[in-house]
Each structure stands twice: as structure tokens, then as C-alpha cells.
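Structural overview for review
Single-letter residue listing:
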Amino acid sequence: MVLLHVLFEHAAGYALFAVKEVEEIGMLLPQVEASVLSLGKFNSMVSLAAFFPFKSAQAALENMNAISEGMVHADLKLFLETNLPQSGKKKSVLGVSDAKIGAALQEELSSSIQTGGVVAEITRGLRLHFHSLVKGLTALAASKAQLGLGHSYSRAKVKFNVNRVDNMIIQSIALLDQLDKDINTFSMRVREWYGYHFPELIKIVSDNSMYCRLAQLIGNRKELSEESLESLEEVVMDSAKAQAILDASRSSMGMDISPIDLINIERFSSRVVSLAAYRLELQEYLRSKMSQVAPNLAALIGEVVGARLISHAGSLTNLAKYPASTVQILGAEKALFRALKTRGNTPKYGLIFHSTFIGRAAAKNKGRISRYLANKCTIASRIDCFSELPTSVFGDKLREQVEERLSFYETGDVPRKNVDVMKEALKEATDVAAEIKRKLEKKEKKRKKREKKLQELEENGEANGDAEVENGEEDNTLKKKKKKKQAAEEMEAQAEEAPSGENGEETSAKKKKKRKAESEEVEEAPDAEDGAEETETPAKKKKKRKSEAMDTQPEETPETPVTEKKKKKKK
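Quick summary incoming for the structure in this document. This is a predicted model, so every value here is computed, not measured. (Residues numbered from 1 in each chain as written. Predicted model: local features only at pLDDT ≥ 70, side-chain atom pairs only at ≥ 80, totals over all residues. Heavy atoms only, no water.)

Among the 5 residues of strand S4 (residues 91–95), 4 are classified as buried, and the element is accordingly described as predominantly covered. In this sheet, strand S5 (residues 112–114) lies alongside S4 in parallel orientation, the contact comprising 3 bridges. In the strand pairing of S5, valine 93 is matched with serine 112. Between the parallel elements S4 and S5, the chain passes through helix H5 (residues 99–108) in a crossover that is right-handed. (Buried < 20%, exposed > 50% of the residue type's maximum accessible area, 1.4 Å probe, protein only. Helix = DSSP H or I, 4+ residues; strand = E, 2+ residues; numbered from the N terminus. Pairing = 2+ DSSP bridges. Right-handed = clockwise from strand over helix to strand, strands pointing away.)

Quick look at the structure:
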């Protein structure tokens with residue numbers, strides 16, 4: 001007798017089901033299939049032994065990532081160790097749906113693992129009736145958990161290492177091919193259109209983009225003169241060609257053209273020129289992207305051919321999975337199947353034919369060098385796909401090996417062994433990786449320093465702002481006090497003027513004279529200070545300040561008895 005337990009991984013958690021009385025001999029698949037569809041029969045056959053719900057969506061995502069990679073998570077190991085019966089009269093077997101995770105569990109646990117046969121049918125039934133077998137779990141809650149985990153799992157897979165995404169390479173190489181076709185078609189249209197007016201220019205200038213720039217520059221050929229010879233030389237980059245264009249414009253057989261038609265031709269040719277300029281920018285973008293994603297493949301076979309291989313395979317991972325024989329004929333599928341049908345010779349090369357190596361090889365060695373190059377391309381793509389730090393060291397070494405093999409086919413010079421070359425490449429790669437790590441650490445330190453400085457500046461700015469607010473409040477209080485003093489003095493002056501008749505007029509005149517004298521002294525004081533600052537020593541300045549303070553004190557003191565006397569008179 002065998003005691004079978006089936007592990008079921010759900011978005012809600014791990015579940016362990018005990019299968020009742022299942023014998024090894026009596027495991028007949030038709031009976032199991034019939035009992036799986038109905039819940040009553042399936043419930044009598046299977047019972048829930050244990051259930052471990054996930055604490056959060058993040059925990060569920062971590063567990064599912066581990067299962068998809070064939071690794072045993074700590075939660076799963078703890079769950080099985082606590083709930084799976086290890087000893088007893090009956091032999092315990094754990095049923096798992098995936099063979100990859102089954103092999104990993106067999107290494108971690110001592111119990112035997114079963115993957116095929118009846119386990120697949122029981123798993124199908126568990127998937128169908130899971131929400132009714134677990135208490136407290138509804139069909140709506142189970143579907144919501146599955147949907148949420150599916151979205152987060154897909155999002156995590158899409159976001160995985162954004163800098164190494166090869167989708168941009170696939171799109172940019174496709175756009176590059178489309179631009180080549182469009183620029184060729186549009187430039188032929190410009191040639192045909194402008195050829196009515198200046199047919200001789202087609203024979204002189206063969207390059208499409210140069211022809212479009214000349215059509216934009218020349219316009220009406222009758223207006224072309226010796227003054228425009230320099231501008232023609234700038235476009236053509238040849239003085240003889242520029243002179244030939246000028247001579248041809250004077251004796252051209254083309255028809256006259258209206259200004260409106262010329263404007264349309266110039267506008268269209270400017271569009272073609274801008275498209276050609278954008279194509280160059282796109283090629284530079286593709287080069288930089290290939291150096292980030294697949295530097296070894298780009299160093300070995302070139303950016304454009306490497307991008308075409310990645311695009312044809314679908315992704316860099318798919319290209320890395322291909323054997324060398326598939327990479328060799330990648331892009332020549334039609335010729336391959338036609339050769340298989342007609343029992344003819346199969347193609348020797350596909351997309352890798354566009355590399356320089358096959359073109360440089362002799363006719364008899366083209367097949368041999370294409371096979372060797374395909375081997376090196378597979379090695380380079382696998383290094384690029386699975387290495388953590390992207391470096392072009394291995395690509396350069398592989399390129400050197402292909403060059404040595406080419407010279408071996410031509411001259412017979414024996415190339416270096418692959419083991420020796422790879423040892424050198426590994427040493428260089430470790431050095432380059434160490435340098436990259438140092439640079440990254442330096443950048444991280446600089447970034448942290450900048451963040452600290454910004455935080456300190458922000459804190460100081462806040463403190464300065466608080467201090468300014470406090471200073472502003474103090475200034476406002478002082479201003480208010482001064483205003484109150486001035487208002488009190490004015491009230492006293494008005495009260496003094498009312499009782500005194502003639503005497504009041506005399507006192508007011510005296511006060512006016514006194515105020516004028518004070519204002520003159522105040523005006524003279526800064527002028528005297530400005531002149532004396534250069535000559536006076538600090539000791540003299542201190543004496544002057546003391547004398548000024550002594551002068552101000554007697555002026556202020558006699559005011560108080562005057563006010564007291566006047567108050568007595570009022571009484």
C-alpha cells in the first residue's frame with residue numbers, strides 16, 4: 001500500500017491533499033478520469049491534509065518565482081516538513097505536477113516523488129474543485145487571487161532588467177530596414193521629378209541623399225552661377241564634380257519649371273534629406289543599444305548583423321538556446337525546405353553571410369568559415385545572455401580566433417588553441433568587471449554625497465527661513481514701538497500748543513529751529529564719517545563714538561523737566 005499526498009500550488013497558498021486508498025496496481029486512468037469531473041466522487045477520493053495561505057501578495061509572488069525557476073522556497077520546505085508524514089507502516093509518496101520542482105524537492109526531502117500518471121489527473125481535479133475543497137475560500141476570492149498574482153508575475157517578468165531589453169533592438173532594426181526601402185523609393189521619385197528640369201545631374205551624381213541635397217540647393221538651374229560653386233563643393237566634396245554640375249546647368253536640355261513646382265520638389269527633397277539624417281541617428285542608437293545588450297555578439301559579427309540575428313530569433317534568450325547549426329542557416333529557411341523537398345544541397349549560410357568574414361573567404365572555404373563563425377556566434381550570444389556585467393572582451397577574442405582561422409585556410413598558419421584563448425579572455429574579463437564595479441561604487445558614493453549636500457542645504461534653508469521670519473517679527477515690533485512714541489510726542493505737542501497763546505507761538509518757533517539744527521547735524525555726520533574712516537584709527541573711532549553718546553545724553557535729559565513744569569502749569 002502506498003500513501004499518496006499531492007502538492008497543489010495555488011495563488012492563495014500551498015495545499016497538501018491526501019489521496020485515500022490508492023494502490024499502485026489499481027491506478028487505472030479511466031476510472032480516475034470519470035471520478036474527477038463530479039465533485040462528490042472526487043471529494044470521497046481526496047481530502048485536504050494541510051493548507052498554508054500566503055501572508056501577502058509579495059510573498060505569493062516570491063514563491064511563484066521560485067517554483068517557476070525550479071527552486072524550493074523556504075515556505076514550501078517548512079510546509080512539507082511539518083505536514084508530510086515521514087514514518088509509518090505505509091510508504092508515503094509526494095505527487096507533484098512539475099518534474100522540475102519534483103527533482104528539487106527530492107534533493108531537499110527524503111521522501112519519494114511522483115510526477116506522472118495518476119498525479120496529473122488528480123491535479124486536474126484539484127484545479128477544478130479547489131475552492132470547494134478548502135473551507136472559507138470562495139470561487140470569487142480564488143479567481144481574484146489568481147488574477148492579482150498573474151498580473152504581478154507578468155509585470156515582474158516584463159520589468160526584469162530594463163537595460164538588457166532586446167525588444168528595442170528588434171524594433172530599431174525593423175525600422176532601419178523600412179527606412180532604407182522608403183529612402184530609396186523617395187529618392188528615386190526626386191530623381192524622376194527633378195530630372196525633367198535638370199536631367200544631366202542624374203549621370204553626374206549617383207548617390208541618392210547627395211542628389212536630394214543638390215536638388216534642394218540648386219532649385220532653378222538658370223540661377224546657378226560661379227558664386228554658388230563653393231556651396232556645391234561643400235555638398236559634393238569634389239571640385240571637379242561641382243564644376244561639371246555648373247557646366248551642365250548652362251547647357252542643359254531640361255524643360256523650364258514653374259516656381260510652384262520647384263517649391264514642391266524642394267520640400268519633398270528636404271523631407272528625404274531629413275529621413276536620411278534620422279537613419280544615421282537610428283543606426284547610432286542601435287550601435288549603443290547593442291553595446292549594452294549584446295556587446296560580445298556585436299564585437300564578433302557587427303551591430304547590424306547581430307541585431308538581425310536577435311530579431312529573427314525573437315529574443316536574445318531564444319538565440320542563446322539555438323544550436324550552432326540553426327544559427328548558421330538562420331534566415332535561409334525557404335532555401336532549406338526547398339532543398340529538403342527536392343533532395344538538393346542545403347544552404348551553407350543565412351543571415352551571417354552579411355558579415356565580412358564569409359565575403360573575404362575563398363569560394364571553397366565559405367561553408368567551413370560559416371560553420372566556424374556560427375559556433376562562435378552561439379558562444380557569444382550565450383555569454384551575453386547569461387553574464388551579469390556586459391563586456392566585449394570575449395567578443396574581441398572570438399573575433400581574433402575567426403581571423404586566425406581565415407589566415408589558416410589561406411596560408412596554413414596554425415591558430416591558437418581555444419583553451420588558451422579563453423583563459424586569456426577570462427583574465428581580462430575579471431579585470432574589466434573589477435573596474436566596472438569600482439566605477440559603479442564611485443558613482444554610488446558621489447550620488448550619496450550629493451543627496452547629503454542637498455539635504456543639508458534644505459535644512460539650512462529652512463533654518464534661515466525661520467531666522468528671517470523671527471528677525472522680521474522683531475523689526476515689526478520695533479517699528480510699532482517707534483510709531484507709538486512718535487504719536488505720543490505729537491499728542492504732547494498739541495496739548496502744549498492749546499493753553500499757551502503767545503508763549504506757545506514762541507516755543508513752537510524755538511522747536512522748529514531746534515529740529516532744523518538737529519537735521520543739519522545728522523546730514524553733516526555721515527559726510528564727516530566717510531572722510532574720516534580712511535585716516536582715523538580704531539581707537540579714535542571709539543573716542544568719537546563715546547563723545548557722540550555724551551552729546552546726545554544732555555540733549556535728551558532737559559526735555560523731561562520741561563514737560564514736568566508744563567504739567568504743573570496746566571494743573
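Right, let's talk about the side chain of serine 355 for a bit. Tracing the backbone through its elements, the reader meets serine 355 in the loop between helix H18 (333–342) and helix H19 (356–360). Looking at serine 355, the relative accessible area reads 5%, which means it is buried. When residues no more than four places from it in sequence are discounted, the contact partners of serine 355 are Ile301, Val305 and Leu373. (Contact = heavy atoms within 4.5 Å.)

Relative to the assigned elements, histidine 131 resides in helix H6 (residues 118–133). Given the relative accessible area of 31%, histidine 131 is considered partly exposed. C-alpha of histidine 131 to C-alpha of alanine 142: the two residues are 11 residues apart in sequence and 6.6 Å apart in space. Every residue in contact with histidine 131, bar those within four places of it in the chain, is listed here: Leu137, Thr138, Ala139 and Ala142.

In this section: unusual backbone geometry. You will see that methionine 237, though not glycine, has its phi angle at about 60 degrees, which is positive. Relative to the assigned elements, methionine 237 resides in the loop between helix H11 (229–236) and helix H12 (239–250). Taking relative accessible area as the criterion, methionine 237 reaches 69% and is therefore assigned exposed. Unlike most non-glycine residues, arginine 343 shows phi in positive territory, near 55 degrees. Locating arginine 343 in the fold gives a position in the loop between H18 and H19. Judged by relative accessible area, arginine 343 falls into the exposed class, the value being 78%.

Close contact between helix H8 (residues 167–195) and helix H13 (residues 259–293) brings their axes to 9 Å; oriented N to C, the two are set at 160 degrees. Compared by their axis directions, H8 and H13 come out roughly antiparallel. Remark: the crossing between H8 and H13 carries left-handed chirality. Tallied by class, residues from the contact of H8 with H13 come to 23 nonpolar, 5 polar and 4 charged. (Axes fitted to C-alpha atoms, helices over the stretch in contact; angles between N-to-C directions. Parallel < 35°, antiparallel > 145°, perpendicular 65-115°, else oblique. Left-handed = near helix turned anticlockwise from the far one by under 90°. Nonpolar A, V, L, I, M, F, W, Y, C, P; charged D, E, K, R; others polar.)

Time to look at helix H21 (residues 393–411). An ideal rise of 1.5 Å per residue puts 27 Å on 19 residues; H21 measures up with 27 Å between its terminal C-alpha atoms. Those residues of H21 not exposed but buried are Val393, Phe394, Gly395, Lys397, Leu398, Gln401, Val402, Leu406 and Tyr409. A positive backbone phi angle near 95 degrees is found at glycine 412, which sits one or two residues after H21. (Expected span 1.5 Å × (residues − 1).)

Honestly, it's all geometry; don't read function into it.
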